[in-house]
Amino acid sequence: MPAENLRWGTLEALKNSPKGNISFDPYWSERGEHILAGCKEAVSLSSHCGVILERISSSPLQRSSFLGSSSGDSSPGLSEEIPASVSSRGSIPDVNSKHTTLSAAPSLKTEREQAVSDVAKDEVSEPDDVSSPASQHAISLLSPKAMETAGCIIKFEEEQRAKAKMALKLRQEMQEKLVAAVASSESEQLKRFEELMELKQRQEYQSMRDMMDRETKESIGRQEKLKEEQRHRMKIMNLRLRELEQQRLREAELERQRQADGRERLRNLNNIQEEVLQLNQLLEPSTQAKTDLPVTSLSSYSTRGNQLCSQVSEVVRKTAEGDFPSVEDMTAAERSLHEMRALIRMMQEEAAKAQEKKKKDQEEEEARKKQAELQAQQEAQQKAAQSAKERAQRKGLQNSAEDSTMKWYKELQDSAAQCAQSFEQLNSPKDMQTKKLKLELQKAATIPVSQIASNSGSQLREIFDKIDKLLSGQVVVSGGKSVSTSQHPQGLDFVAYKLAEKFVKQGEEEVASHHEAAFPIAVVASGVWERHPRVGDLILAHLHKKCPYAVPHYPPMKDGTPVEEYQRILGYRVDDSGVEGQDSFLKRMSGMIRLYAAVIQLQWPYGSKQGLVPHGLNQGWRWLAQMLNMEPLADITATLLFDFLEVCGNALMKQYQGQFWKLILLLKDEYFPRIEAVTSSGQMGSVIRLKQFLQTSLQSRQISPPKGQLSSTFWRS
């Protein structure tokens, strides 16, 4: 084969080269031999020659050459043919050169390739060294050292080859592991990629689904919005229909109300015309024939009455065609009615004055006749009364009030009775309109008094203004309706009487239960008293009637007076169930005397008459002095004195100072034993309270301000 030929040619070239002629034994110095000793030894095969021969015999051509050369020898490998052209001297160098070449061949691959190129050159340059093809396949026996070296080289090559195989195997395993790792990584990456693609698909699917849901929701929202708009439009339409229906109902109601008001005004107009005609009959001269009025006055009254009747008839004539009278027509008719009433009242007053003057003249004439006869009798009676009074003063205290006090008391009662008689027609109405007006006036007078409380000063001022407007004839709103005292000729007297009655009733009920309520009620009453003195007189009249001890007056029992009637005169409540208990009686008397004590010391802060109290502390001093001049009554005297001094004592102390303390000392030392003497053991509660009050006041020379008194800050609230 070409490879075999090339190899043997290379060896031959190396043998014939200058380097191949040198034989070198690296171990000669170790053995102590000469450097050329190996060349003289007998040729013998090394123990490693079997390896070389095995490698040489691996080729069929070499094996045949070797067998051909040793066919005549009994021990193969012990003798070989040596070509004639090669001498025995040259065989050792050849072997040495071959050994050198073999030992150097596996060292470096590059040198081997260089040797191959050199052999090729030697074959070209020295053709005479090879005589025949058989000489290329001839085996030159080497020395044992060379064979050993060659065997070591071959063994080393095999070991290196085994190591290379092992390294190659390890590298292959490593490459397989690396490929497996790369394949696993790629597989994982492929899985991640597939998962990523699957995720993207899911996301796209989800986004598409979300978009579809969003579009569905938007579509549903649009539908709901349309439905809502439709409902809203329907609602608006329903509201409009309802408003139209309500407006129609309101218009119908207004029309019915207008018809009802028109019919009511027509009835009122007829009543007004009837009343005007009836009043006009009173102005006729024929009906006034018995009066003492002059003829000229009667004629003027009759003429004015006929004019007023004509005015009312003119209004009625306007409504005769079927239309209802207007508000202006009713106002004109009512104005005519009021003027007619005023005309009647003026005529009656003039007639009363004329009759009174005539009667007075007659009485004066009779008085002049009887004056001489009665003068002696009166002087005798006065002397007898004076002597009786002196005897009573010597024996003890008085049993009744002074004459001036009783005269004042009777004047107030007569004034109240006249006031009640003046509005008798309004108090007992015959028609529904008057009855309705009476109820509205009574509510307008009593409701504000019931609303008096100590909440704030502004509230009290509003209540006072409302009462003041009502008493001044102005229009006020009560219970959602407008009312005025000018709507009836007797309206002012009625309101003043009922208002005074309500103030006293508040003291009888409200102050009796809550003592501190006396001050807000009293300050409003004082303001009304200041602006309208007649109301103040009526308040005193009602107070004296319900609580005669506020005069002070102890009414005696007259002969023939029933017991129940006398108890009413003393202030007790008597009804079908009998007479009220003593505790209830004392509680009511206490409330009224506390209200009286608060009124005499308070003044309305917004009044025009600054410094002037209509019923001031001098009246309280008068009451206290007269109480101490009268014999005490069991239970009632101690109760009233304690209540009066607790409310008004501080104001009297500041006003009268030393004189007040003298009066208190007199009360404690001289009058209080009389109270104890007439008081039983079961009635000592009020006596003990009065005694403790007097002792505390005299010891401290001070009386504390009453609880509930209104301060200056109260009026700013």
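Above this text is the structure in question.
Conventions adopted
- Residues numbered from 1 in each chain as written.
- Predicted model: local features only at pLDDT ≥ 70, side-chain atom pairs only at ≥ 80, totals over all residues.
- Heavy atoms only, no water.
- Helix = DSSP H or I, 4+ residues; strand = E, 2+ residues; numbered from the N terminus.
- Buried < 20%, exposed > 50% of the residue type's maximum accessible area, 1.4 Å probe, protein only.
- Contact = heavy atoms within 4.5 Å.
- Areas by Shrake-Rupley, 256 points an atom, 1.4 Å probe, with all protein chains shown as cover.
- Expected span 1.5 Å × (residues − 1).
- Phe/Tyr/Trp six-rings, centres within 6.5 Å; stacked < 30°, edge-to-face > 60°.
- Core = buried A, V, L, I, M, F, W, Y, C linked by side-chain atoms within 4.5 Å.

**Section: the overall build of the chain**
Helix and strand content of the chain: 23 helices and four strands. The proportion of buried residues among the 717 residues of the chain is 34%. Within the chain, residue pairs in contact and separated by at least 24 positions form 76% of the contacts whose partners lie at least 6 positions apart. When the accessible surface of the chain is summed, it comes to about 44400 Å², and 53% of that surface belongs to carbon and sulfur atoms.

**Focus on helix α20 (residues 617–628)**
Counted at 1.5 Å a residue, the expected span for α20 with its twelve residues is 16 Å, and the 17 Å between its end C-alpha atoms agrees. Among the twelve residues in α20, nine count as buried, and that is most of the element. For α20, every residue scored as buried is listed here: Leu617, Gln619, Gly620, Arg622, Trp623, Leu624, Gln626, Met627 and Leu628. Where α20 is buried, its residues contact α11 (403–422), α19 (582–599), α21 (636–656) and α22 (658–678).

**Remarks on the side chain of serine 686**
Following the sequence through the fold, serine 686 ends up in helix α23 (residues 684–700). Among all residues touching serine 686, those that are not within four sequence positions of it are Asp635, Ala638 and Thr639.

**Remarks on the packing of aromatic side chains**
Across all of its chains, the model carries 14 aromatic pairs by this definition. Measuring from ring centre to ring centre gives 6.3 Å for tyrosine 549 and phenylalanine 585, while their planes differ by 75°; the resulting arrangement is edge-to-face. On the criterion of sequence distance, the pair formed by tyrosine 549 in the loop between α17 (533–546) and α18 (563–570) and phenylalanine 585 in helix α19 is long-range, its members being 36 residues apart. When its relative accessible area of 4% is taken as the criterion, tyrosine 549 is described as buried.

**A word on the nonpolar core**
In terms of nonpolar packing, the biggest core is built from 98 residues, with Phe503, Val524, Tyr549, Leu641 and Phe644 touching the most fellow members. Counting residues per element, this core draws most heavily on α21, at twelve residues. Leu283, Cys309, Leu343 and Ile344 belong to the second largest nonpolar core, which has 18 residues in total.

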